[in-house]
Amino acid sequence: MKYVLLICGDESAAEHANDGCDGWSEEMAERGVLRGGAGLRPPSDATTLRVREGEVLLSDGPFAETKEQLGGFCLIECADLDEAIEIAAAHPAAAYGTIEIRPLIEL
Amino acid sequence: MTPPVEAAVDRAFREEWGQVVATLIRWTGDWDLAEECAQDAFALAVRTWRRDGVPRRPGAWLTTAARNRAVDVLRREATGAAKLREVAGVLETVDDGAGDEPDVPDDRLRLIFTCCHPALALEARVALTLRTLAGLGTTEIARAFLVGEQAMAKRLARAKQKIRHAGIPYRVPPAHLLPERLPAVLAVLYLLFNEGYSATAGADLVRHDLAAEAIRLARVLVRLMPDEPEAAGLLALMLLHHARRAARLDDAGDLVVLEDQDRGRWDADRIAEGVALLDGALRRGRPGPYQVQAAIAACHATAARPEDTDWPQIAVLYARLARLVPSPVVELNRAVAVGMAYGPAAGLALIDGLRETGALAGYHLLPAARADLLRRLGRTAEAADAYREAAGLATTDAERRYLARRLAALG
């Protein structure tokens, strides 16, 4: 199964932006479950786009102004949801933010 | 259909449904297919058993019939290579003579832990277990949860979809995950037991087999998790309730309240087993809601006569339970215990306070308990109104008849 871990946090999570993953990435890469991912610049650097009737509409900021914002993501591949939960729980961001585990559509 | 065959199919449905579905899920990985094929197998049993007689091992017969059906369906649907591999996989697994497997509980346990996975909403876990493991209909489950049938059908479909899409594993969790996975399983078993103990649907007030199934599963759990006092507490609670089953209904199938029950008909062995289990659990020093409820049941079960019941102790235990799991139903029970320990006026004051909150609107046991206290206070006209209100809300025939008798006895 492939899952994306969406790492979310409120404003206070910004202070962790340059923390790195405290060896988590190396450990998961070694284990062979990490397929990719990255930390994201803050929502204030985001540009949101829509195309309506052929016109490109841009706005400053993220697509939704919510308290929790996406701060990073990882693509993992593992046996099942229990393993995905265990992998996500070991991520340092789980201790201060929230991690949403989303299965990928696999055809 | 001749009555014996009909009865055999009914019994097989209650006893074998969960095992057939659980085994089919393990083979096919497809919950909807497993349920469909189990249903087809039971339909086939009705026709075949009438013609050929009831097989010696109905469970094995049904599992084989369901498996054959699943292989047919998968073969017909096998259009892509992935599907063909799936069918091949099923056939391969099935070739080991699995249809003749003895009645191993592990598939059912696997099923219940998967149904109770914490990634599913609690309501979905309970509903899914009752549907797939106990074979309860969507209507019955909807009534147990006081929601509409369509909403319940949607809830079940969503839960099964999430299991499939999110990759929730079909297994008994490894040892280190068991403590966090257990509470949901216990809640489900207790609901299952209650469904058997006081059925929410139909004319039968008690369905012993469901209660027996819950006890059987609880025994397996206690064996699997001997260090978990709440599992033992739940089993003790079930045994102490179940011990009274023979005295709970009279010959006409009517409800006999605790104080009128023939205590000689209580199952002394089960009471002893329940009390011993509870003592062992309490010694671990980690009390929880099931142990407290079992302690209340033990107060009743060990009283030789109704007047020997330690009501002050029961009132204390209900107060403790209310702190562990705040609930208006627990408060109602505490009010009844207080009424027994300290007089009907004290109990009525608590019940009227509860009534004003509206938290139990539509729940027949509130006016029923209120009616009893009013009767004891000599407020006969108000008691009669309350009995009538309770009868209007009761969901089983036996409860309605009981309330009608109480009303008539007011004179």
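Residues numbered from 1 in each chain as written. Chains lettered and ligands numbered in written order. Predicted model: local features only at pLDDT ≥ 70, side-chain atom pairs only at ≥ 80, totals over all residues. Heavy atoms only, no water.

Chain B has the name RNA polymerase subunit sigma-24 in an unreviewed UniProt entry, where Microbispora siamensis is given as its organism. What the UniProt record of chain B gives under Sequence similarities (unreviewed entry) is the line "Belongs to the sigma-70 factor family. ECF subfamily." (UniProt positions renumbered as here; feature names shortened; annotations may be inferred.)

Going by an unreviewed UniProt entry, chain A carries the name Transcription initiation protein and comes from Microbispora siamensis. What UniProt states about chain A under its Sequence similarities (unreviewed entry) heading is, verbatim, "Belongs to the YciI family."

**Student:** Describe the overall build of chain A, with residues and values.
**Tutor:** Within chain A, the regular secondary structure consists of two helices and six strands. Ordering the α and β elements of chain A from the N terminus gives β-α-β-β-β-β-α-β. For the C-alpha atoms alone, the extent of chain A along its principal axes is close to 45 × 40 × 20 Å. In chain A, which comprises 107 residues, the proportion classed as buried is 27%. The contacts in chain A between residues at least 6 apart in sequence include a share of 75% that link residues at least 24 apart. Summed over all atoms, the accessible surface of chain A reaches about 7200 Å², with 53% contributed by carbon and sulfur. (Helix = DSSP H or I, 4+ residues; strand = E, 2+ residues; numbered from the N terminus. Buried < 20%, exposed > 50% of the residue type's maximum accessible area, 1.4 Å probe, protein only. Contact = heavy atoms within 4.5 Å. Areas by Shrake-Rupley, 256 points an atom, 1.4 Å probe, with all protein chains shown as cover.)

**Student:** Give a detailed account of the side chain of Thr132 of chain B, specifying residues and quantitative values.
**Tutor:** Residue and element names in this part refer to chain B. Within the secondary structure layout, Thr132 lies in helix 6 (residues 122–132). For Thr132, the side chain forms a polar contact with the main-chain oxygen of Leu128, separated by 2.7 Å. When sequence neighbours within four positions are dropped, the list of residues in contact with Thr132 reads Trp17, Gly18, Val21, Trp31, Glu35, Leu111 and Cys115. (Polar contact = N/O pair within 3.5 Å; in protein donor to acceptor, adjacent residues only side chain to side chain.)

**Student:** Lay out the UniProt feature "domain: RNA polymerase sigma-70 region" (unreviewed entry) in chain B with the relevant residues and their values.
**Tutor:** Residues annotated in UniProt with the feature "domain: RNA polymerase sigma-70 region" (unreviewed entry) correspond here to residues 19–78 of chain B. The span residues 19–78 of chain B is 87% helix and 0% strand, and its two end C-alpha atoms sit 26 Å from each other.

**Student:** Please set out the pairing of strand 3 (residues 47–52) of chain A residue by residue, giving values where relevant.
**Tutor:** Residue and element names in this part refer to chain A. In this structure, strand 3 lies alongside strand 4 (residues 55–60), joined through six bridges in antiparallel fashion. If you follow Val51 over to strand 4, its bridge partner there is Val56. Linking two consecutive strands that pair antiparallel, namely strand 3 and strand 4, is a turn of two residues; a positive phi of about 50° is found at Glu53 within it. (Pairing = 2+ DSSP bridges.)

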